[in-house]
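# Working through the structure, step by step
Chain residues, written in single-letter form:
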Amino acid sequence: MTRTETTGTMKATMTVTTPSTAATATTTPKADTSSLLPTLLPTLLDARRLVVKIGSALLVDSATGRMRREWLDALADDVAACRKRGQEVVIVTSGAVACGREHLGLVGRALRLEEKQAAAATGQIRLAAAYQETLARHGLTVAQVLVTLEDTEERRRHLNGRATIDTLLRLGAVPVINENDTVATAEIRFGDNDRLAARVAQMISADTLVLLSDIDGLYTADPRKDPDARHIPVVQELTSDIENMAGEPPPGYSSGGMVTKIVAARVALAAGCRMVIAKGKRMNPLAALEQRPEQGGALCTWFLPAASPSSARKAWIGGNLNAHGALTVDAGALSALARGASLLPAGVRAVEGDFERGDVVVVKAPDGREVARGLTAYAAEDARRIAGRKSHEIEEILGYHGRDEMIHRDDLVVR
């Protein structure tokens, strides 16, 4: 049901489901989801491209400092099942520092930045090898991708990362992504992989983000401290009241907590990506999300966006006021754009402005009318050289083979 709550001067609307009778005081309260419409609660089976975030506390035993290989094998079984269904899977993983610190004797105390980076350099090798070994049991290839905050914020690096991950997925690999701790400084760090996972989901237009946690979703209060805390199965709008429900991060290797998950939700929802927080320490945690809780699936919290990844991305492109240049097209290209095609170099008659690859440019009809906006695949100088030419001529003209399209239809908004 939808309930409006007022706290001080803040008014917030949130979609929650509450039991029909008062909840019994317990440390593991359950929410009654039977009254929710089936369309409100998705399952993992609804995903086409999903990003799965795995925290250090799930991968590494806090008591021994060793990797939980049996759990990782079960997760790999889940990933293989997703792939068999035709779903694309990207893993965002923590654990490099946790895996490496024991081998360098850096245990039992807080680490300085340079010690964390040293531990990450050692642990990243072990972490990548573990993923490769466990997924190889299913014939799946792992690709390691290390990123920093700047890689997702700086436009051209963002596009390069997107293209690389898209290509890996098209080739059937499972990208395993982690923050590049060995080079990142405090100024360019995510600081936690919840936000990294959300940025990756945004970057690759994923439709589902799974945050595997030590808790089975969002509660009205910290259930470890408040026995009357109620579980919230669905959030359709992030409000100040929802943000205020986030508690303190748990002790141990984890650096996240519910606060960072709410921040991740804001990024994901803005990108049109639904997000789910689910308990990760169970075996086969992804398989547990294939059914809704009332059907026997795992208790979790779904955050639902108002738009799809494609529409959210195109809304950003179409609404961008800072166009860096313009491409004038011929009548044939104009007709092709109206049918939903990409803009090819052969259809471009004039190039205006000084822009770089990935910038937003205006597309003009022969009479000068703005008919579209899009992200150009070429900088202005190269665009001028290949304008009016066939795609198979690009490599001969430029000395390299870039994209066949001047603007791909996924990066194009027709007015």
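Residues numbered from 1 in each chain as written. Predicted model: local features only at pLDDT ≥ 70, side-chain atom pairs only at ≥ 80, totals over all residues. Heavy atoms only, no water.

## As for the overall build of the chain
A tally of regular secondary structure across the chain gives 13 helices and 17 strands. Put simply, the chain has 415 residues, and 53% of those count as buried. Considering only intrachain contacts with a sequence separation of at least 6, the fraction spanning at least 24 residues in the chain is 72%. Approximately 18600 Å² of the chain is accessible, and the part contributed by carbon and sulfur atoms is 50%. (Helix = DSSP H or I, 4+ residues; strand = E, 2+ residues; numbered from the N terminus. Buried < 20%, exposed > 50% of the residue type's maximum accessible area, 1.4 Å probe, protein only. Contact = heavy atoms within 4.5 Å. Areas by Shrake-Rupley, 256 points an atom, 1.4 Å probe, with all protein chains shown as cover.)

## Some thoughts on the sheet that holds strand E12 (residues 300–303)
Overall, mixed pairing links the eight strands, which are arranged E5-E6-E4-E3-E7-E11-E12-E10 in an open sheet. Both edges of this open sheet fall to strand E5 (142–147) and strand E10 (234–235), since each of them pairs with a single strand only. Each of strand E3 (49–54), strand E4 (88–93), strand E6 (174–179) and strand E7 (208–213) touches helix H2 (residues 69–84); the most contacted strand, E4, lies at about 155° to it. Here helix H4 (residues 113–136) sits on the sheet in contact with E3, E4, E5 and E6, set at roughly 150° to E5. (Pairing = 2+ DSSP bridges. Axes fitted to C-alpha atoms, helices over the stretch in contact; angles between N-to-C directions.)

## Some details on H2
Its 16 residues place the ends of H2 22 Å apart at the C-alpha level, agreeing with the 22 Å of an ideal helix rising 1.5 Å per residue. Within the sequence span of H2, burial applies to Trp 71, Leu 72, Ala 74, Leu 75, Ala 76, Asp 78, Val 79, Ala 80 and Cys 82. Where H2 is buried, its residues meet E3, helix H1 (56–59), E4, H4, E6 and E7. Positive backbone phi, at 95°, marks Gly 86, one or two positions downstream of H2. (Expected span 1.5 Å × (residues − 1).)

## Description of the nonpolar core
Counting 46 residues, the largest nonpolar core has Ile 54, Tyr 131, Val 210 and Leu 212 as its most contacted members. Looking at which element gives the most residues to this core, the answer is H2, with seven residues. The contact partners of Leu 212, leaving out residues within four places of it in the chain, are Val 52, Lys 53, Ile 54, Gly 55, Leu 58, Trp 71, Leu 75, Ala 278, Gly 280 and Pro 285. If you look at the next biggest cluster of nonpolar residues, it comprises 43 residues, including Met 203, Leu 211, Ile 277 and Phe 303. (Core = buried A, V, L, I, M, F, W, Y, C linked by side-chain atoms within 4.5 Å.)

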